[in-house]
Amino acid sequence: MKTQQSLVKETLKGKNILITGCTGFLGKVLLEKIIRSMPDVASINVLIRGSSKYQTGQERFEKEILRSSIFDQLKSSDESAFKQFCDTKLHVITGELTQTEFGLETDAFTALAQKIDLIVNSAASVNFREALDRALKINTLSLYNIIELSKRGNDIPVVQVSTCYVNGFNKGDIYEETKAPFHRKIRRNEKGAFQIEGLIHRLKDKISYSRVPSDSKADQENALVDLGIAQSNSYGWNDTYTFTKWMGEQLLIEKMDEKSLAIVRPAIIESTLLGPVPGWIEGIKVADAIVFAYARRKIAYFPANAHGVMDIIPVDLVANSIILSMAKVLLSPGETNIYQCCSSGSNPVTIGELKRAMVDEAQTNYKAYPKLFKMKKPAKEFTFVSKSVFETAMKAAQMPLGLLHDVKSLLGKRENKNKMHKNIDTALNLSTTFSFYGFPKYRFHNGKLLALAAELGEELDGEFAVDAKLINWRNYFGKTHLAGLEKYAINEMAVESLVKNKKSKEPA
């Protein structure tokens, strides 16, 4: 019997694709999936800036991307084919997304535009508490360069990776559309698109005037972080990341009117469900704050609503959603579509259920996770409490410790905070950073994404699966995800960065 031909693969066959953000968690999974499932693409061009460690994008690509364990299966199944693909179809462009023409010579930028059939922009600053100037530059203003590249190439279709949390403080059922800011009105054009360039200019002015009377770079940085949070909250967003990502969406929607545009909004991205292997993850993500707080006995209770539905989505389902969107922008020129890759609307799981899956597995099999639990059976329980109760308790415990530290400083005794004080600081930082996500007041829906999968002939459990109904939460969060953290994500540096991090990051 003849196997049904894949419309997705046929549509992307022979296409030249530009991808940004391949150094990130999602970017690596997307790249691996394209190589594994669609080796007939003409080329994959990745835009990567150099770094202090690696001068060129090529060197950074080879050291930070190709050495990733995400490619282990490809290498083990057919290393020569993988090497040939990399040698002949993978092209690295050393450039900076935030610079005009990516920092390239005009001729080189134009030549790139004339070569490319499709742009996938997954680059972003996913720092919840990024300084406003940097977040604006990366998540919003860089889209002008994407728009220019599309225009220079005769309206190249664009797939923009965003986040479900661009919906900000809006509550209830959230669908695949653009909702107005929760707190303040922003002017729309005659087609209903938000006109945000005036807002961008106002924010730039505030950034210019936010200078503090200090020569300290840290003080300047903190002032811009505080400004970002204040402005985000005033317009209706929890953090600078989601606020600036919303502005990036609106810029694209307005400027690419009647062009080919798809916006893919993932919820909280976590480890793979299925491929290339179950549980693959890189680094520590949002929901893992709860895992590590419990595993390392940092706190006995955590700020969250046990009955709240936390919207987690495995990263391979997100990569598949992007690939379906890539096919759609080529098949339906001139359309703008928004797709949410999420679970809370179709296969909801509460924070309490996630906790129970994790705790039960830890109590039964903690020895199977020696790096995570350090061969020590963790506590039987920990409690979820309100943010106000949590912060009151933590600050009450912090006060005498802080007073003792101050007194010793006055006496000339320089010493670091003791372990208990550091644990309290950690807990307060977790509360500030994650409380919005721990007390969800929304359900994200993905009807348009599921309709797209059906339109393209993709099955529920097919090669490009996107439906969260595939997830058995107890098995996924209690076993697959913990095993992935143990095998792929954990090293002491990663754990310490979570504990000490003052700029906690979201997956995105």
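Residues numbered from 1 in each chain as written. Predicted model: local features only at pLDDT ≥ 70, side-chain atom pairs only at ≥ 80, totals over all residues. Heavy atoms only, no water.

A. Representation of the overall build of the protein. The helix and strand tally for the protein stands at 19 helices and 13 strands. Taking all 508 residues of the protein together, the buried fraction comes to 56%. In the protein, of all internal contacts separated by at least 6 residues, the share reaching a separation of at least 24 is 83%. (Helix = DSSP H or I, 4+ residues; strand = E, 2+ residues; numbered from the N terminus. Buried < 20%, exposed > 50% of the residue type's maximum accessible area, 1.4 Å probe, protein only. Contact = heavy atoms within 4.5 Å.)

B. Molecular detail of the packing of helix 11 (residues 288–295) against helix 13 (residues 351–365). Where helix 11 meets helix 13, the axes come as close as 11 Å, and the angle between the chain directions of the two elements is 40°. Between helix 11 and helix 13, the angle is such that the two are oblique. As for how helix 11 packs across helix 13, the hand of that crossing is right-handed. Contact residues: Ile290, Val291 and Tyr294 in helix 11; Ile351, Met358, Val359, Ala362 and Gln363 in helix 13. Grouping the constituent residues of the contact of helix 11 with helix 13 by class yields seven nonpolar, one polar and no charged. (Axes fitted to C-alpha atoms, helices over the stretch in contact; angles between N-to-C directions. Parallel < 35°, antiparallel > 145°, perpendicular 65-115°, else oblique. Left-handed = near helix turned anticlockwise from the far one by under 90°. Nonpolar A, V, L, I, M, F, W, Y, C, P; charged D, E, K, R; others polar.)

C. Highlighting the environment of Ile65. Among the structural elements, Ile65 can be located in helix 3 (residues 57–65). The spatial distance from the C-alpha of Ile65 to the C-alpha of Gly24 is 8.8 Å, given a sequence separation of 41 residues. Residues in contact with Ile65, not counting those within four places in the same chain, are Cys22, Thr23, Lys28, Leu31, Ile48, Arg60 and Phe71.

D. Representation of the nonpolar core within the structure. Grouped together as the largest cluster of nonpolar side chains are 105 residues, with contacts concentrated most on Ile44, Ile322 and Met326. Dropping the residues within four chain positions of it, Met326 is found in contact with Leu12, Ile17, Ile34, Leu118, Val120 and Val159. Listed in part, the 45 residues of the second largest apolar core include Phe109, Leu227, Met256 and Ile263. (Core = buried A, V, L, I, M, F, W, Y, C linked by side-chain atoms within 4.5 Å.)

E. Highlighting the confidence of the model for the protein. Per-residue confidence for the protein gives a mean pLDDT of 87, with 87% of residues at or over 70. Low confidence marks residues 399–415, where pLDDT is under 50. Its contacts with residues over four positions away, or in another chain, come to nine contacts. Note that residues 492–508 has pLDDT below 50 and, in this model, 40 contacts with residues that lie over four places away or in other chains. (pLDDT = per-residue confidence, 0-100.)

F. Just the side chain of Asn189, in detail. As for its placement among the helices and strands, Asn189 is situated in the loop between strand 6 (172–174) and helix 8 (197–208). Of note is the side chain of Asn189, whose polar atom sits 2.9 Å from the backbone nitrogen of Lys191. Here Asn189 is in contact with Gln195 and Glu254, once residues within four sequence places are set aside. (Polar contact = N/O pair within 3.5 Å; in protein donor to acceptor, adjacent residues only side chain to side chain.)

G. How the structure looks around the sheet that holds strand 3 (residues 90–94). Overall, parallel pairing links the seven strands, which are arranged 3-2-1-4-5-7-11 in an open sheet. This sheet does not close on itself; its edge strands, each paired only once, are strand 3 and strand 11 (336–341). Across the sheet, the axes of successive neighbouring strands diverge by a mean angle of 20°, strand direction being ignored. Alignment of strand 4 (residues 118–121) against strand 5 (residues 158–161), held across three bridges, turns out to be parallel. Paired with Asn121 across the strands is Gln160, a residue of strand 5. Across the sheet, helix 4 (residues 72–89) is in contact with strand 2 (43–48) and strand 3; its angle to strand 3 comes to roughly 45°. Contacts from helix 7 (residues 143–152) reach strand 1 (16–20), strand 4 and strand 5, with the element oriented near 170° to strand 4. (Pairing = 2+ DSSP bridges.)

H. Spatial organisation of the packing of helix 12 (residues 315–331) against helix 17 (residues 447–455). In the contact formed by helix 12 and helix 17, the axes pass within 10 Å of each other and the chain directions differ by 65°. Crossing geometry of helix 12 relative to helix 17 is assigned as left-handed. Of helix 17, the residues touching helix 12 (which contributes Ser321, Leu324, Ser325 and Lys328) are Leu449, Leu452, Ala453 and Glu455. Considered class by class, the residues forming the contact of helix 12 with helix 17 number four nonpolar, two polar and two charged.

I. Main features of the side chain of Lys33. Looking at the element boundaries, Lys33 is found in helix 2 (residues 25–37). Among all residues touching Lys33, those that are not within four sequence positions of it are Met38, Asn320, Ile323, Glu463 and Phe464.

J. Inspection of unusual backbone geometry at higher detail. Look at the link from Gly275 to Pro276: it is a cis peptide, with omega at 5°. In this model, Asn154 sits at a positive phi of 60°, which is unusual for a non-glycine residue. Within the secondary structure, Asn154 is located in the loop between helix 7 and strand 5.

K. Summary view of the packing of aromatic side chains. The tally for this structure, following the rule as stated, stands at 23 aromatic pairs. Relative to Tyr437, the ring of Tyr165 has its centre 4.9 Å away and its plane inclined at 70°; by these criteria the two rings are edge-to-face. Taken together, the residues span a long stretch of sequence, with Tyr165 in the loop between strand 5 and strand 6 and Tyr437 in helix 16 (residues 419–438) at a distance of 272 residues. On the basis of relative accessible area, Tyr165 is assigned to the buried category, the value being 2%. Both rings, one in Tyr165 and one in Phe444, keep their centres 5.3 Å apart while their planes meet at 90°; by these two values the pair is edge-to-face. With Tyr165 in the loop between strand 5 and strand 6 and Phe444 in strand 13 (residues 442–444), this pair connects stretches of sequence that are 279 residues apart. When its relative accessible area of 2% is taken as the criterion, Phe444 is described as buried. (Phe/Tyr/Trp six-rings, centres within 6.5 Å; stacked < 30°, edge-to-face > 60°.)

L. Highlighting the pairing of strand 1. Counting buried positions over the five residues of strand 1 gives five, a clear majority of the element. Of the two faces of strand 1, the one carrying Asn16, Leu18 and Thr20 and the one carrying Ile17 and Ile19 are both buried. As judged from the five bridges shared by strand 1 and strand 2, these two strands associate in the parallel manner. Looking across to strand 2, one finds that Ile19 is bridged to Val46. The parallel pair strand 1 and strand 2 is bridged by helix 2, and the resulting crossover is right-handed. In terms of strand pairing, strand 1 meets strand 4 through four bridges, oriented parallel. Opposite Leu18, over in strand 4, you have Ile119 as the bridge partner. (Right-handed = clockwise from strand over helix to strand, strands pointing away.)

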